Amino acid sequence: MNEKVDLSFALKGAVIPADHGYMLFSALTRVFENIHSIYNTGIHNISGEPIANRLLKLSAKSRLTFRLDSEIINLLLPLAGKYLNLGGHEIMIGTPQTYLLKPVPRLYSRLVVIKGYMEPDEFLEAAEAQLSSMSIKGRPSLITLSGTDNNTSGKGTRSAFLRRTIRISGKEVVGFALGVNGLNAEESITLQENGIGGRRHFGCGLFIPDRR
């Protein structure tokens, strides 16, 4: 069985739009035509410091990271040295490093999108069902605006949950920040490899160790 890893490229640039998932994938397709043929590949959002005008200021820690099958790493290596334009802001892709996924008891996704589920209580139930389908017994919880977790029904408290959107082809797609706690080693790797919901190419549903 082929394992998934994170292939992480250094970046050079000043700022990028905060909501860049869709435009990042679009920019990648312009410089790397085979990106559509790489199945089960997620593209993490690029981290940075939020600044004015819905922009992110890049730092030395900002990376372009793919979650992909280890056997196709070589397909993406030619991206090194390419330039991407994200909403009028140019960045250059640098040298890559590969990281193995590590089992941790708590994982976090900044934005999970499950089609048809835009209210907190129904969304949490749908997330629980997807975890169960992977035989994962960890506890999902919606992240509140204060950064704390809440795994109870969203009824009556929906405004407190960290609802996020991503713009895709001019449309706002709604999702939530989600944590999953109480994972054993096997469950943790399974969740990192498979994620929850859709839109992996745009940075949604990808889980990382929770350092909040």
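The structure this text deals with has already been given above.
Here's a quick rundown of the structure. Small disclaimer: the values here were computed from a predicted structure and weren't measured.

1. Considerations on the overall build of the protein
Thinking step 1. Within the protein, the regular secondary structure consists of four helices and 14 strands.
Thinking step 2. The principal-axis extents of the C-alpha atoms in the protein amount to approximately 50 × 45 × 30 Å.
Thinking step 3. In the protein, once contacts between residues fewer than 6 apart in sequence are set aside, the share between residues at least 24 apart is 73%.
Thinking step 4. Working note: accessible area of the protein is about 11000 Å², and carbon and sulfur atoms make up 51% of it.
Thinking step 5. The distance from the centre of the 25 positive side-chain charges to the centre of the 19 negative ones in the protein is 5 Å.

2. Notes on the nonpolar core
Thinking step 1. Core analysis: the biggest nonpolar cluster contains 34 residues, and L28, L64 and F66 have the highest contact counts within it.
Thinking step 2. Mapped by element, the contributors of at least two residues to this core are β1 (4-13), α1 (21-31), β6 (63-69), α2 (73-76), β7 (83-86), β8 (89-100) and β12 (163-168).
Thinking step 3. Apart from residues lying up to four places away in sequence, L64 is in contact with L7, S8, F9, L11, L24, L28, I43, I46, L84 and I93.

3. Some details on the pairing of strand β9 (residues 107-112)
Thinking step 1. With five of six residues buried, β9 lies mostly within the body of the structure.
Thinking step 2. Relative to strand β13 (residues 171-181), β9 is paired through four bridges, and the arrangement is antiparallel. The residue bridging Y108 from the neighbouring strand is G179, located in β13.

4. Some thoughts on the packing of aromatic side chains
Thinking step 1. All told, the structure shown has four aromatic pairs when counted by the stated rule.
Thinking step 2. Pairing F25 with F202 gives two aromatic rings, centres 5.6 Å apart and planes at 80 degrees, and the pair type is edge-to-face. You can see F25 sitting in helix α1 and its partner F202 sitting in the loop between α4 (185-194) and β14 (208-209), a full 177 residues away along the chain.
Thinking step 3. Every member of this aromatic cluster is reached through a ring pair, and the members are Y22, F25 and F202.

5. Considering the sheet that holds strand β5 (residues 55-57)
Thinking step 1. With antiparallel pairing, three strands are arranged side by side in an open sheet as β2-β5-β4. Edge strands, defined here as strands with exactly one partner in the open sheet, are β2 (15-17) and β4 (49-51). On average, each strand axis in the sheet is inclined to that of its neighbour by 40 degrees, with strand direction left out of account.
Thinking step 2. Bridge count for β4 against β5 is three bridges, and the pairing is antiparallel. Bridge pairing links E49 to K57 in β5.

6. Some thoughts on the environment of V15
Thinking step 1. Along the chain, the position of V15 falls in strand β2.
Thinking step 2. Exposure remark for V15: the relative accessible area of 18% places this residue in the buried category.
Thinking step 3. Taking the C-alpha atoms as reference, V15 lies 9.1 Å from S59; in sequence the two are 44 residues apart.
Thinking step 4. Setting aside anything within four residues of it in sequence, one finds V15 in contact with I51, L55, L56, K57 and H89.

7. Examining the pattern of salt bridges
Thinking step 1. Scanning all chains against the criterion turns up five salt bridges.
Thinking step 2. Put simply, K4 and D69 hold a salt bridge, and the shortest N to O gap is 3.2 Å. Taken together, the positions of K4 in strand β1 and D69 in strand β6 put the pair 65 residues apart, joining distant regions of the chain. D69 matches K4 in its accessibility class, with the two residues each being buried.
Thinking step 3. Residue R163 is joined to E119 by a salt bridge in which the shortest nitrogen-to-oxygen separation is 3.9 Å. With R163 in strand β12 and E119 in the loop between β9 and α3 (120-133), the pair connects residues that are 44 residues apart, well separated along the chain.
Thinking step 4. A relative accessible area of 34% places R163 in the partly exposed class.
Thinking step 5. Relative accessible area serves as the criterion here: at 29%, E119 is assigned to the partly exposed category.

Here is what the cut-offs are and how they apply
Residues numbered from 1 in each chain as written. Predicted model: local features only at pLDDT ≥ 70, side-chain atom pairs only at ≥ 80, totals over all residues. Heavy atoms only, no water. Helix = DSSP H or I, 4+ residues; strand = E, 2+ residues; numbered from the N terminus. Contact = heavy atoms within 4.5 Å. Areas by Shrake-Rupley, 256 points an atom, 1.4 Å probe, with all protein chains shown as cover. Lys, Arg positive; Asp, Glu negative; His and termini not counted. Charge placed at Lys NZ, Arg CZ, Asp CG, Glu CD. Core = buried A, V, L, I, M, F, W, Y, C linked by side-chain atoms within 4.5 Å. Buried < 20%, exposed > 50% of the residue type's maximum accessible area, 1.4 Å probe, protein only. Pairing = 2+ DSSP bridges. Phe/Tyr/Trp six-rings, centres within 6.5 Å; stacked < 30°, edge-to-face > 60°. Axes fitted to C-alpha atoms, helices over the stretch in contact; angles between N-to-C directions. Salt bridge = Lys/Arg side-chain N within 4 Å of Asp/Glu carboxyl O.

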